[in-house]
Amino acid sequence: MLRLPRTAPPPPGAGLTKLADPKRVLLGWVLFIVAVAVALALSWPYGVGAKVRVLHRGFVASGYLRAAEARAHAAPVQRDQALAALRRATELAPDDPTIAHTAAQLYMELRAYPEAAQWLGRRRPAAPPPDAGMTDPEELLTRVSLAQSLMMTGRKTEGERLLDQVQAEVYAARKSNLMPDPLFALALNNLAYVDALGKRNLPEALQMATGAVQLQPTQAAYVDSLGWVEYQLGHYLDAAFHLEQAVRLHAPEESAEMYYHLGAAYARLGRKADARWALNRSLELDPSYAEAADELRILSQDLPRPSLAWQEPGLAASPILHREV
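About the criteria used
- Residues numbered from 1 in each chain as written.
- Predicted model: local features only at pLDDT ≥ 70, side-chain atom pairs only at ≥ 80, totals over all residues.
- Heavy atoms only, no water.
- Helix = DSSP H or I, 4+ residues; strand = E, 2+ residues; numbered from the N terminus.
- Buried < 20%, exposed > 50% of the residue type's maximum accessible area, 1.4 Å probe, protein only.
- Contact = heavy atoms within 4.5 Å.
- Areas by Shrake-Rupley, 256 points an atom, 1.4 Å probe, with all protein chains shown as cover.
- Patch = residues over 30% accessible without salt bridge, like charges linked within 9 Å, V, L, I, M, F, W, Y side chains within 5 Å.
- Salt bridge = Lys/Arg side-chain N within 4 Å of Asp/Glu carboxyl O.
- Phe/Tyr/Trp six-rings, centres within 6.5 Å; stacked < 30°, edge-to-face > 60°.
- Lys NZ or Arg CZ within 6 Å of the ring centre and 35° of its normal.
- Expected span 1.5 Å × (residues − 1).
- Polar contact = N/O pair within 3.5 Å; in protein donor to acceptor, adjacent residues only side chain to side chain.
- Core = buried A, V, L, I, M, F, W, Y, C linked by side-chain atoms within 4.5 Å.
- pLDDT = per-residue confidence, 0-100.
- Axes fitted to C-alpha atoms, helices over the stretch in contact; angles between N-to-C directions.
- Left-handed = near helix turned anticlockwise from the far one by under 90°.
- Nonpolar A, V, L, I, M, F, W, Y, C, P; charged D, E, K, R; others polar.

Visitor: Would you mind going over the overall build of the protein with me for this structure?
Guide: Scanning the protein for helices and strands turns up 14 helices and 0 strands. Every one of the 325 residues in the protein was classed for burial, and the buried ones make up 37%. Within the protein, counting contacts between residues at least 6 apart in sequence, those at least 24 apart form 54% of the total. Surface summary for the protein: the accessible area is close to 20,000 Å², and the carbon and sulfur share equals 59%.

Take a look at the structure:
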């Protein structure tokens, strides 16, 4: 690059520089501010005030939403505080699409299924016509979540109908080569897990969960779903195997739901000490996890093995019968 020699700037021209009068400058600014204030006051009834209020409410709602996310993802989960902040956010900005989307997801995570159904229903897309091609992935997964929330709130027929509809769309899209492996695995996993929660179509759910794991074998959530389907089928040994693997794959993060699943499988196998450990860990991560607390309560109510005090004197007690389980 050609470099030119530096030259000194020309000297300023002769003459005096006129300075502005400070009082006149101050008076000008005062008049400008007064004019702006008058203009805002005159236009306020015509929508400016409403827009300002909407912006303010949206800003405050975003703050509540961030607080809800932080409490929902804290360790341990602060469920009541998260729900209170989330409800305030949706109350302040019910028509904000970003807040509505995040709120629906958080209500699902917090197992607040009636509110999840409400917000997912507002975002519910219509089923595409048969020749419409590939369904938008986000809309498809939204309908699976909506089906789950409907089933968990007692609207089982409606939820099952929606779930069957989505499943048909998924297989049709896959058959037409419109659904890549990662999305197909995600759809299979979500469909299988909701079936397991509803204890319906379990053999088919097992096929879907197995297919998801075959496509993405290191996804902890998919392995957990497979284990939970096995659990619902009564295959407790296979369930424990997959659920242990899911916990290991999810490390170093920990999931209260995964530990609950694992504890339930241990309990059905009679591994009570392991079950208590897993269920207690689930409650440490999420003290509001009612299913884990119920399972732990059932374990604590189990009667001890019968005493051998009734046996004839001198008969040694079997150490196997008294082994802690």
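Don't stop here, the text continues.
Visitor: Help me understand a nonpolar patch on the surface in this model?
Guide: On the surface, a cluster of nonpolar side chains totalling about 340 Å² of accessible area is made up of Leu26, Val30, Val34 and Val38. Following the sequence through the fold, Leu26 ends up in helix 1 (residues 22-43).

Visitor: Help me understand the environment of Leu183 in this model?
Guide: Mapped onto the elements, Leu183 comes out in helix 8 (residues 181-198). Judged by its relative accessible area of 13%, Leu183 falls in the buried class. Sequence-wise, Leu183 and Pro137 are 46 residues apart; in three dimensions their C-alpha atoms are separated by 7.5 Å.

Visitor: Honestly, the packing of aromatic side chains in this entry has me stumped. Any pointers?
Guide: Where two aromatic rings form a pair, the distance of their centres and the angle of their planes describe that pair. With the rule as written, the count across this model stands at 6 aromatic pairs. Ring centres 5.6 Å apart and planes at 55° place the aromatic pair Trp228 and Tyr260 in the tilted group. Taken together, the positions of Trp228 in helix 10 (residues 220-232) and Tyr260 in helix 12 (residues 256-268) put the pair 32 residues apart, joining distant regions of the chain. Neither residue differs from the other here; Trp228 and Tyr260 are each classed as buried. Within the aromatic cluster, the residues linked to one another by ring pairs are Trp228, Tyr231, Tyr236, Tyr260 and Tyr289. Over the face of the ring belonging to Tyr289 we find Arg111, whose NZ or CZ atom lies 4.3 Å from the ring centre.

Visitor: Which parts of the structure should I look at to understand unusual backbone geometry?
Guide: The phi torsion of most residues other than glycine is negative, and most of the peptide bonds are trans. Following Ala75, the chain continues into Pro76 via a peptide bond in cis, with omega recorded as 0°. Mapped onto the secondary structure, Pro76 falls in the loop between helix 2 (48-72) and helix 3 (79-92). Its identity as a non-glycine residue notwithstanding, Arg111 has a phi of 60°, on the positive side. Summarising the element assignment, Arg111 is placed in the loop between helix 4 (97-109) and helix 5 (113-122). The phi torsion at Asn177 lies on the positive side, around 60°, for a residue other than glycine. As for its placement among the helices and strands, Asn177 is situated in the loop between helix 7 (156-175) and helix 8. Exposure remark for Asn177: the relative accessible area of 69% places this residue in the exposed category.

Visitor: Sorry, what's going on with helix 7 here?
Guide: In an α-helix, one full turn covers 3.6 residues, which means residues spaced three or four apart are oriented alike. Over its 20 residues, helix 7 extends 28 Å from the first C-alpha to the last, a length consistent with the 28 Å expected when each residue adds 1.5 Å. Within two residues after helix 7, Asn177 carries a phi angle of roughly 60°, on the positive side.

Visitor: Help me understand the environment of Arg57, please; the structure alone is not making it clear to me.
Guide: As for its placement among the helices and strands, Arg57 is situated in helix 2. Once the C-alpha coordinates of Arg57 and Glu91 are considered, the two residues, 34 residues apart in sequence, prove to be 9.6 Å apart. Reaching out from Arg57, the side chain makes a polar contact with the backbone oxygen of Leu92 at a distance of 3.3 Å.

Visitor: Sorry, what's going on with the nonpolar core here?
Guide: In a soluble, globular protein the nonpolar side chains are often hidden away together inside. The biggest cluster of nonpolar side chains holds 84 residues, and the ones touching the most others in it are Leu86, Tyr107, Leu140 and Val170. When residues of this core are assigned to their parent elements, the largest contribution, 10 residues, is made by helix 8. In this structure, Leu86 is in contact with Leu65, Ala68, Ala103, Leu106, Tyr107 and Leu110, ignoring residues within four places of it in sequence.

Visitor: Help me out: how do you make sense of the confidence of the model for the protein in this one?
Guide: Per-chain confidence: the protein averages 83 in pLDDT, with 77% of residues scoring 70 or above. Within the protein, no element has a lower average pLDDT than helix 1, which sits at 73, and none a higher one than helix 10, at 98. Contacts of residues 14-19 to residues separated by more than four positions or lying in other chains number 0 contacts, the stretch itself having pLDDT below 50. When the criterion is pLDDT under 50, residues 308-325 qualifies, and its contacts beyond four places in sequence or with other chains add up to 12 contacts.

Visitor: Hey, could you run me through the side chain of Gln167 in this one?
Guide: Residue placement: Gln167 occurs in helix 7. Among the residues examined, Gln167 registers a relative accessible area of 8% and is labelled buried. Residues in contact with Gln167, not counting those within four places in the same chain, are Leu191, Asp195, Glu204 and Met208.

Visitor: Just to check I follow, could you spell out the packing of helix 5 against helix 6 (residues 137-152) for this structure?
Guide: Two quantities define a packed helix pair, namely the angle between the axes and the distance from one axis to the other. The geometry of helix 5 relative to helix 6 is characterised by a closest axis approach of 8 Å and an angle of 145° between their N-to-C directions. Here the hand of the crossing between helix 5 and helix 6 comes out left-handed. In contact with Tyr113, Ala116, Ala117, Leu120 and Gly121 of helix 5, helix 6 contributes Thr142, Ser145, Leu146, Gln148, Ser149, Leu150 and Met152. Taken together, the residues of the contact of helix 5 with helix 6 break down into 7 nonpolar, 5 polar and no charged.

Visitor: Mind showing me how you'd approach the side chain of Asn189 here?
Guide: The topology assignment puts Asn189 in helix 8. Look at Asn189 and you get buried, because its relative accessible area is 6%. Side chain to side chain, Asn189 and Asn190 meet in a polar contact 3.1 Å long. Setting aside its immediate chain neighbours within four residues, Asn189 contacts Ala212, Ala221, Tyr222 and Ser225.

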